Amino acid sequence: MKVNIVLSTYNGEQFLAEQIKSIQEQTFTDWNLLIRDDGSTDATHEIIRRFVNEDDRIRWINEKTVENLGVIKSFYALIKYEEADVYFFSDQDDIWLSEKIQLALDEADLYLDEEPLMIYTDLKVVDQDLQVLSESMIRTQSDHANTELVQELTENTVTGGVAMINYALAQLWNETDDILMHDWYLALLATAFGKLVYIDVPTELYRQHDNNVLGARTWSKRMYKWLRPQLLFSMYWDLIKRSQTQARHLLALPLSKEKREVIESFVTVMDQGMMQRFKTLKKYGLQKNKAFHTFVFTCLIVTKFAYKE
């Protein structure tokens, strides 16, 4: 089995070496690490070059053509660079626990290779010094892990750094524009055409620090939004609209009748009358993972409060 780990870097000098070392310390050792740098201006290049020279399983795929594509297109380039049986996504500033790869591969053995598959796990949230802030990111932030299409349409619980996809799913990924994040879009593809599988075990220390591109929701982030209600509603609507745009990509693919119906209902819900919007949400179970967020989500869509075309 060919196992590719894909790592996109950008000014990651502070923690990159620790992350690569945690990959090298995996109990499963027959892997390839493909690194694509997205235009770093710090010492990231020197760190990558050192590891490439020391370990022939590690390759820097764009050493001579470094350019900034953004995180989604950078990971897309890594996935499409060469074929593998499975692909693991790696961030540049986390720490993989030693059984991470083997655990996902053992789970993947339970499914057919021809079926698009995404496997993901829980994470421990830590500070920059690896002190644990939360034993379970899933339970703290999302209440439960999503495995179904209707859940992933409105809220993503997959974190790329603990995700693995197979070749069949990688082949379905042909969009990079107008998607919220690669992990969310791949989870949509998995639930629409194959399987999204969750393993209720943390396999990564998910580091929170000042330079995170994306990160766990903290109380300070939440309070900042709640103290600015105009900003809060704007962010809610932005997420709803962008998740609808993201889901529309699926409609160009050969969906089953049932899944096409639920996706079309979600992306067109704002074109309906008030009572029909309420009925659509209830009929298909379109909601968030936590009760309060479901309440806000439902109220906004039904009333169109603060909605702008």
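Before reading on, note that the structure itself is shown above.
Residues numbered from 1 in each chain as written. Predicted model: local features only at pLDDT ≥ 70, side-chain atom pairs only at ≥ 80, totals over all residues. Heavy atoms only, no water.

Q: Got a sec to walk through the overall build of the protein chain? Specific residues and values, please.
A: Along the protein chain, the regular secondary structure elements total 13 helices and 9 strands. Its C-alpha atoms give the protein chain a radius of gyration of 20 Å, within 12% of the compact-globule value 19 Å for 309 residues. Across its three principal directions, the C-alpha atoms of the protein chain cover 65 × 45 × 35 Å. Relative to its 309 residues, the protein chain shows a buried fraction of 50%. Taking the intrachain contacts of the protein chain between residues at least 6 apart in sequence as the baseline, contacts between residues at least 24 apart amount to 76%. On the protein chain, roughly 14,800 Å² of surface is accessible, and the fraction owed to carbon and sulfur atoms is 52%. (Helix = DSSP H or I, 4+ residues; strand = E, 2+ residues; numbered from the N terminus. Rg over C-alpha atoms; globule rule 2.2 N^0.38 Å. Buried < 20%, exposed > 50% of the residue type's maximum accessible area, 1.4 Å probe, protein only. Contact = heavy atoms within 4.5 Å. Areas by Shrake-Rupley, 256 points an atom, 1.4 Å probe, with all protein chains shown as cover.)

Q: Can you tell me about the pattern of salt bridges, naming the residues and giving the values?
A: All chains considered together, the criterion is met by 12 salt bridges. Glu18 is the partner of Arg207 in a salt bridge, and the nearest nitrogen-oxygen pair spans 3.4 Å. On the criterion of sequence distance, the pair formed by Arg207 in strand β9 (residues 195–207) and Glu18 in helix α1 (residues 16–24) is long-range, its members being 189 residues apart. Residues participating in the shared-partner salt-bridge network are Lys2, Arg59 and Glu82. (Salt bridge = Lys/Arg side-chain N within 4 Å of Asp/Glu carboxyl O.)

Q: Report on the pairing of strand β8 (residues 163–166), specifying residues and quantitative values.
A: A two-sided burial pattern is seen for β8, the buried positions comprising Ala163 and Ile165 on one face and Met164 and Asn166 on the other. Where strand β4 (residues 86–90) lies against β8, 3 bridges are found, and the strand directions are antiparallel. Note on β8: the bridge partner recorded for Phe88 is Met164. With 3 bridges connecting them, strand β6 (residues 117–126) and β8 associate as antiparallel partners. Bridge assignment links Met118 to a residue of β8, and that residue is Ile165. (Pairing = 2+ DSSP bridges.)

Q: If you had to explain helix α8 (residues 182–193) to someone new, which residues and values would you point to?
A: Across its 12 residues, α8 extends 16 Å between first and last C-alpha, which sits within 8% of the 16 Å expected from 1.5 Å per residue. Burial within α8 is extensive, with 11 of its 12 residues counted as buried. If you check which residues of α8 are buried, you get His182, Asp183, Trp184, Tyr185, Leu186, Ala187, Leu188, Leu189, Ala190, Thr191 and Ala192. (Expected span 1.5 Å × (residues − 1).)

Q: Lay out the packing of helix α11 (residues 257–267) against helix α12 (residues 274–284) in plain terms, naming residues and giving numbers.
A: The relative placement of two packed helices comes down to the angle between their axes together with the axis-to-axis distance. Their axes nearest at 10 Å, the elements α11 and α12 cross at an angle of 145°. The crossing of α11 and α12 is left-handed. Contacts between α11 and α12 involve Glu261, Val262 and Ser265 on the former and, on the latter, Thr280, Lys283 and Tyr284. Across the contact of α11 with α12, the residue classes break down as 2 nonpolar, 2 polar and 2 charged. (Axes fitted to C-alpha atoms, helices over the stretch in contact; angles between N-to-C directions. Left-handed = near helix turned anticlockwise from the far one by under 90°. Nonpolar A, V, L, I, M, F, W, Y, C, P; charged D, E, K, R; others polar.)

All we've got here are geometric facts, nothing functional implied.
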